[in-house]
Amino acid sequence: MKTFSKTPHEVTSIHISCPICGDVSCTAAWKLEGFTFSRCSGCNLLYQNPQPVQSELIERYDDEYFEYEIENQGSFLQLNLLGLKDVGFFDKIQQELFVGEMSPRFLDVGCATGGLLKYLQQRGWQEQGVEVCEPAAEYGRRVRGVSIFSGTLEDAYLPTAGFEIVHASHVIEHLQSPGDFVMEAYRLLKPEGHLILVTPNSDGFQAKLMRSHWRSAIADHMVLFSRRTLTLLLEKHGFYVEQSATWGGIPQGMAPTVIKKSADRIAKYFGWGDVMVLRARKKRG
Ligand SMILES: [Zn+2]
């Protein structure tokens, strides 16, 4: 089954150049109903081209999206915690950051209903969220008592060098200008601050096997990164990748549990997992 996505209808699409290297040359890789993923001739990035105009994209994160977030908030928190654990967040990073009187500051972009923010707030972090889905942001503020800005990261005007951690889980693949997002994360982080990104892995076993039927080949995903292309983007904007991991071998329900568990272990070991997490640090100066 594919990931939740709004079906595009009468979309106003425009042809774009590669969001990483700017190359205008690309070839259609996966044609789907109403949209196409193309492969950049310059850097091999897989991205949707043409793309819908931004105003139509933001409209997709409506009440229906909120229902999806609410239904899955428990499992999303668990996945967020597992991703953070995989890049050393709960041991060496916490040890490094919890020194002195000041609580470290954690920005969660695409924080949904704020489950992760609440978890961190209870453990001494100063939390800040940004969420484009207004009902989800409102729920987080009202029910969980966490700080969430409703809108895009660029519209939030958060303080320069104001955070030790910027985290975005399943966000960057939805963006039309991932480079602008990474640049904004760079501005928001202190020197040597950590940018932690979770996104589908287009170099994973499932993507290679399923191709256009892959669960992440959906209309809402503008860019489908591999570890190599995401690293390229991060390095271009002043980061170096310090740690990464992948998870998810074969899709749920495709094989008996015992086989799935083995496949998951193998995928994780070799980096063939369906989803990846990268932790990158902001270079000094
Ligand atoms: Zn490119």
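Along each chain, residue indices are assigned from 1 in the same order as the chain's sequence is written. Local features are withheld for residues below a pLDDT of 70 in this predicted model, meaning they are given only at 70 or higher, and side-chain atom pairs are given and counted only at 80 or more; totals for whole chains, interfaces and linings count all residues. Excluding hydrogens and water, the side-chain figures rest on all heavy atoms present in the structure.

Caption draft 1: Focus on helix α2 (residues 63-71). Relative accessible area decides the class of each residue, using a 1.4 Å probe on protein chains only: under 20% of the type maximum gives buried, over 50% gives exposed, and in between gives partly exposed. Per the convention used, a helix needs a DSSP run of H or I reaching at least four residues, while a strand needs a run of E reaching at least two, with both numbered from the N terminus. Residues Tyr65, Phe66 and Glu69 constitute the buried set of α2. The arc enclosing the buried residues of α2, seen along the axis, measures out at 100°, which places them on a common side. Those residues of α2 that are exposed and aimed more than 90 degrees away from the buried face are Asp63 and Glu71. Contacts are assigned to residue pairs with any non-hydrogen atoms lying within 4.5 Å of each other. Buried residues along α2 sit in contact with α3 (73-86) and α6 (134-144). By definition, the arc is the one covered by directions from the helix axis to the C-beta atoms.

Caption draft 2: Examining the packing of α2 against α6 more closely. Axes here refer to lines fitted to C-alpha atoms; in helices the fit is confined to the stretch in contact. Angles between the N-to-C directions go from 0 to 180 degrees. As a packed pair, α2 and α6 sit with axes 8 Å apart at the nearest point and diverge in direction by 45°. The angle between α2 and α6 places the two elements in the oblique class. On α6, the residues touching Asp63, Phe66 and Ile70 of α2 are Pro135, Ala136 and Tyr139. Angles below 35 degrees are treated as roughly parallel, those above 145 as roughly antiparallel, those between 65 and 115 as roughly perpendicular, and all remaining angles as oblique.

Caption draft 3: Just the coordination of the zinc ion, in detail. Bound to the zinc ion are the protein donor atoms Cys18 (SG), Cys21 (SG), Cys40 (SG) and Cys43 (SG), situated 2.3 Å from the metal. Here a donor is any nitrogen, oxygen or sulfur atom (N, O, S) within 2.8 Å of the metal, with 3.2 Å used for Na, K and Ca; water is not among the atoms considered, so some sites may look incomplete. When four donors show all angles between 85 and 135 degrees the site is tetrahedral, when four or six donors have opposite pairs over 155 degrees and all other angles between 65 and 115 it is square planar or octahedral respectively, and in every other case it is irregular. Coordination geometry of the zinc ion: the 4 donor atoms subtend angles of 101 to 117° at the metal centre, consistent with an arrangement described as tetrahedral. Mapping the donors of the zinc ion onto the primary sequence gives the spacing C-x2-C-x18-C-x2-C.

Caption draft 4: Main features of the packing of aromatic side chains. Aromatic rings from Phe, Tyr and Trp, taking only the six-membered ring of Trp, are treated as a pair when their centres fall within 6.5 Å; an angle between ring planes under 30 degrees marks them as stacked, one over 60 as edge-to-face, and anything in between as tilted. Enumeration over the complete set of coordinates arrives at 12 aromatic pairs. Ring centres of Phe98 and Trp125 lie 5.3 Å apart, and the angle between their planes is 85°; on these two criteria the pair is classed as edge-to-face. Of this pair, Phe98 sits in the loop between α4 (89-97) and β6 (105-109) while Trp125 sits in the loop between α5 (115-121) and β7 (126-131), and the two are 27 residues apart along the sequence. Trp125 gets classed as buried once you look at its relative accessible area, which sits at 3%. Between the aromatic rings of Phe106 and Trp125, the centroid separation amounts to 5.7 Å while the plane-to-plane angle is 85°, which identifies the pairing as edge-to-face.

Caption draft 5: Representation of the pairing of strand β10 (residues 189-200) within the structure. Across the 12 residues that make up β10, a large majority, 9, are buried. The pairing criterion is simple: DSSP has to find at least two bridges between the two strands. Relative to β10, strand β9 (residues 163-169) runs parallel, the two sharing 6 bridges. Considered in β10, the bridge of Ser169 is made with Val198. Convention used here: a crossover is right-handed provided that the path from the first strand, over the helix, to the second strand proceeds clockwise when the strands point away from the viewer. The β-α-β motif built from β9, the intervening helix α8 (residues 178-188) and the parallel element β10 has right-handed crossover chirality. Bridge count for β10 against strand β13 (residues 275-282) is 7 bridges, and the pairing is antiparallel. The partner of Leu197 across the bridge, within β13, is Leu278.

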